[in-house]
Amino acid sequence: EVPDAITAYSRNELDAVTVRYTPKTADLVPGLAEDAHLGPASWSGFLAFRHADPVMSNIEVRRALAYAIDRETLARDVPANLVVANGGIVPPALQGHTPDIVPRFDPDAAREHLRRSGLSSEQLQGLELAGIETWLDDFLLVVSSMWKEVLGIDVPVRPWTLEQALSIGDPTEMAPIVITGWLPGYADPEYFLRLLFQTDSKTNYGGFSDPEFDRLIERARQERSDRSRLELFHEADRMAVADRIACIPLVYGRSMAFVKPWVKGWWEFGKSSSSFADLVTDSGSLPA
């Protein structure tokens, strides 16, 4: 589910379609072509926690970290394929996205929550922030410096290569705090809220567990009214992001596809690869 994969469809040994999800994708393109199309922000990049960690299990610490992130600073150098997240974990392209619920930058509130945690500076020394190296300059180092400036906490940064990341099952096994991402396998808020945070989900990598949240998700899954179902998922998103701080959303991402002019029919949403079956090549336009 890490959004740094590269997929290619080839014909006559020529790459026809290359799809990239890396945060720095836009840096590889000197400028948007006239016929470029910016798709919807359909995946989420966020800070995940190892909730069994003695420090990260303290909700006041997680609240302090959330309130200490200045999103205006993050937005200054964000590439074109990313949008700084101000809402919940469900991205804007999906029904069920909840805008403007992420804890806003508030240094005084951040320091107060850290004080309420009751933890000493010595107890906080074991924190570490990790993630794929493509997140390093614009996100990992920036977030770490914010925590240092606002909270006085030194949080070392450890980048991974893409090869290392692909060998990791649960990224939170590598560090108490990691930056990671989630692509929708189907266009529904359940794919984010249930699979990431319900206690018995096999992809609840951080180990977040809350009985009230579990009951809310089950109510949403069993609801037959579409409107009521979405309202329940909105409530679950607010609980996970604004109340329990199960994670900290940082960005929403757009999939970027580079399509040869002789390829027609490409479409994409989330991590679906069914669009490959719809590709048509114009043999008259193939390069010699």
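This text goes with the structure placed above it.
Remember, predicted model here, so these are calculated numbers, not experimental data.

Rules behind the numbers
- Residues numbered from 1 in each chain as written.
- Predicted model: local features only at pLDDT ≥ 70, side-chain atom pairs only at ≥ 80, totals over all residues.
- Heavy atoms only, no water.
- Buried < 20%, exposed > 50% of the residue type's maximum accessible area, 1.4 Å probe, protein only.
- Helix = DSSP H or I, 4+ residues; strand = E, 2+ residues; numbered from the N terminus.
- Pairing = 2+ DSSP bridges.
- Salt bridge = Lys/Arg side-chain N within 4 Å of Asp/Glu carboxyl O.

Peer 1: Account for the pairing of strand 3 (residues 41-49), naming residues and giving values.
Peer 2: Most of strand 3 is tucked away: nine of the nine residues are buried. Of the pairings in the sheet, the one linking strand 3 to strand 8 (residues 247-254) comprises seven bridges and is antiparallel in character. Note that in strand 8 the partner of Ala48 across the bridge is Cys247. Sheet topology places strand 3 next to strand 7 (residues 177-182); six bridges connect them, and they run antiparallel. Paired with Ser44 across the bridge in strand 7 is Trp182.

Peer 1: Residues and numbers for the pattern of salt bridges, please.
Peer 2: Summed over the entire model, instances satisfying the criterion amount to 18 salt bridges. Note that Arg111 is salt-bridged to Asp108, the shortest N-O span being 3.0 Å. Placement of both Arg111 and Asp108 in helix 3 (residues 107-117) is noted, with a separation of three residues, approximately one turn of the helix. Using a relative accessible area of 39% as the deciding quantity, one classes Arg111 as partly exposed. Note on Asp108: relative accessible area 57%, which makes it exposed.

All we've got here are geometric facts, nothing functional implied.
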